[in-house]
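Examination of the molecular architecture
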Amino acid sequence: MKSIIFKKKWRKLYFMLMKINIECRSVFVKINPSPIFILGNQKSGTSAISALLASATGCTVSIDLSKEWLYKRKGYLLVKEGKWTFADFVERNKLDFSRDIVKEANLTLFYEDLVETFPQSKFVFIARDPRSNIRSILNRIKVPGHLESLERWDQKPHIAIGWEKVVNGAWLGLDGDNYISMLAQRWNLMSDVYIQNKNSIILSRYEDFLVDKIGEIKRIAGRLHLNPHYDISNKINIQYQPRGNREENLRSFYGIKNLERIEKICRNNMTLLGYCR
């Protein structure tokens, strides 16, 4: 019991110190008027690709918006509800928007605001097969993929608020018949951003990155007119996010019904992105 209390107090102190650190550092920075934005769904490889791209080119990078992480990502909801302007949101997160590269999956949902606020910026979208992508999300939050509903699942209350907003897309106007349908619709919503703006966004598929990590980073850098002159060969296997279980058979993980839900909902965008043959 004493150990649990100590851990809670230490965690509270840790977050308080992080908040103070961010506030102090934010005073001395200016928002970058044209950062490179790395977009894509959660668990699609955006963190690894952004970190390696920054290392290869010598750019500064933000891996997620630290203030939103500390405050349970409430800012995104406040913008969606019209309680904040997007300019307010950027100013609140000015430390992370001061970097050369900004990676944040949730910003994909605000692509039009990004274009309006940062008209000179370049954008990269990281795609991943939805069947593997959704499995990785569920692995991350320790949720099985074969359930019909989460309503009676005893671990649902333990899903962190930030991840709960990923699983439950109601705040985005999504209306799936279960949590798998919600995640499939979210994948579609993210993919639509690239498909509808493909002439303005550079595409990178996570599967191509896995085949040739250094080659894909060099290709992205070239498209962005960056010089990848630093050696990253000793960094390509670093895990920037907890790894999901890629070995588990998809049908075994989801069951037939939930796997069919994903393939039905996502089929059109999967075809356009090369995941259906």
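Look up a bit, the structure's there.
The notes below deal with the structure included here.

The next subject is the nonpolar core. One finds Phe-37, Phe-97, Leu-107, Leu-114 and Leu-138 to be the most contacted residues of the largest nonpolar core, which totals 53 residues. With ten residues, helix 9 (residues 179-195) is the single largest residue contributor to this core. Among residues more than four places away in sequence, those in contact with Phe-97 are Ile-31, Asn-32, Phe-37, Leu-65, Phe-89, Val-90, Val-102, Leu-107, Leu-114 and Phe-118.

Turning our attention to helix 7 (residues 130-140). Counting buried residues in helix 7 gives nine out of eleven residues, a clear majority hidden from the surface. Considering only its buried residues, helix 7 is in contact with helix 8 (161-167), helix 9 and helix 12 (250-272). Lys-142 sits one or two residues past helix 7 and shows a positive phi near 60°.

This next bit is on the packing of aromatic side chains. Pairs of aromatic rings are described using the distance from one ring centre to the other and the angle between the two planes. For the structure on display, the rule yields 14 aromatic pairs. Ring plane angle 75° and centroid distance 6.4 Å describe the contact between Phe-89 and Phe-97, whose orientation is recorded as edge-to-face. Their ring planes at 20° and their centres at 6.5 Å tell us that Phe-89 and Phe-110 sit as a pair that is stacked. A residue pair is termed long-range when its members are at least 10 positions apart, and Phe-89 in helix 5 (residues 86-92) and Phe-110 in the loop between strand 3 (101-103) and helix 6 (111-117) qualify at 21 residues. Neither residue differs from the other here; Phe-89 and Phe-110 are each classed as buried. Taken together, the ring pairs connect Phe-37, Tyr-76, Phe-86, Phe-89, Phe-97, Phe-110, Tyr-111, Phe-118 and Phe-123 into an aromatic cluster. Here the basic side chain of Lys-80 rests over the ring of Phe-110, its NZ or CZ set 5.1 Å away from the ring centre.

Glancing now at the side chain of Arg-99. Relative to the elements of secondary structure, Arg-99 occurs in the loop between helix 5 and strand 3. The buried category is assigned to Arg-99, whose relative accessible area is 16%. There is a polar contact of 2.9 Å between the side chain of Arg-99 and the side chain of Ser-62. Setting aside its immediate chain neighbours within four residues, Arg-99 contacts Arg-25, Asn-32, Pro-35, Thr-60, Val-61 and Ser-62.

Conventions we followed
Per chain, the residues get numbers from 1 upward, laid out in the order the sequence is written. In keeping with the predicted nature of the model, local features appear solely for residues at pLDDT of at least 70, side-chain atom pairs appear and are counted solely at 80 or more, and the whole-chain, interface and lining totals rest on all residues. Working from all heavy atoms in the structure, the side-chain values ignore hydrogens and water. Nonpolar core, defined: a set of buried Ala, Val, Leu, Ile, Met, Phe, Trp, Tyr and Cys residues in which side-chain atoms within 4.5 Å join the residues together. Relative accessible area decides the class of each residue, using a 1.4 Å probe on protein chains only: under 20% of the type maximum gives buried, over 50% gives exposed, and in between gives partly exposed. Helix and strand definitions follow DSSP, with helices as H or I runs of at least four residues and strands as E runs of at least two, each counted in order from the N terminus. Contact between two residues is taken to exist if any of their heavy atoms lie within 4.5 Å; hydrogens are not considered. Aromatic pairs are defined between Phe, Tyr and Trp rings, using the six-membered ring for Trp, whenever the two ring centres lie within 6.5 Å; interplanar angles under 30 degrees are classed as stacked, those over 60 as edge-to-face, and all others as tilted. Counting as a charge over the ring demands two things of the Lys NZ or Arg CZ atom: a distance within 6 Å of the ring centre and an angle within 35 degrees of the ring normal. Here a polar contact means two N or O atoms within 3.5 Å. Within protein one must be a hydrogen donor candidate and the other an acceptor candidate, and residues neighboring in sequence count only if both atoms are side-chain atoms.

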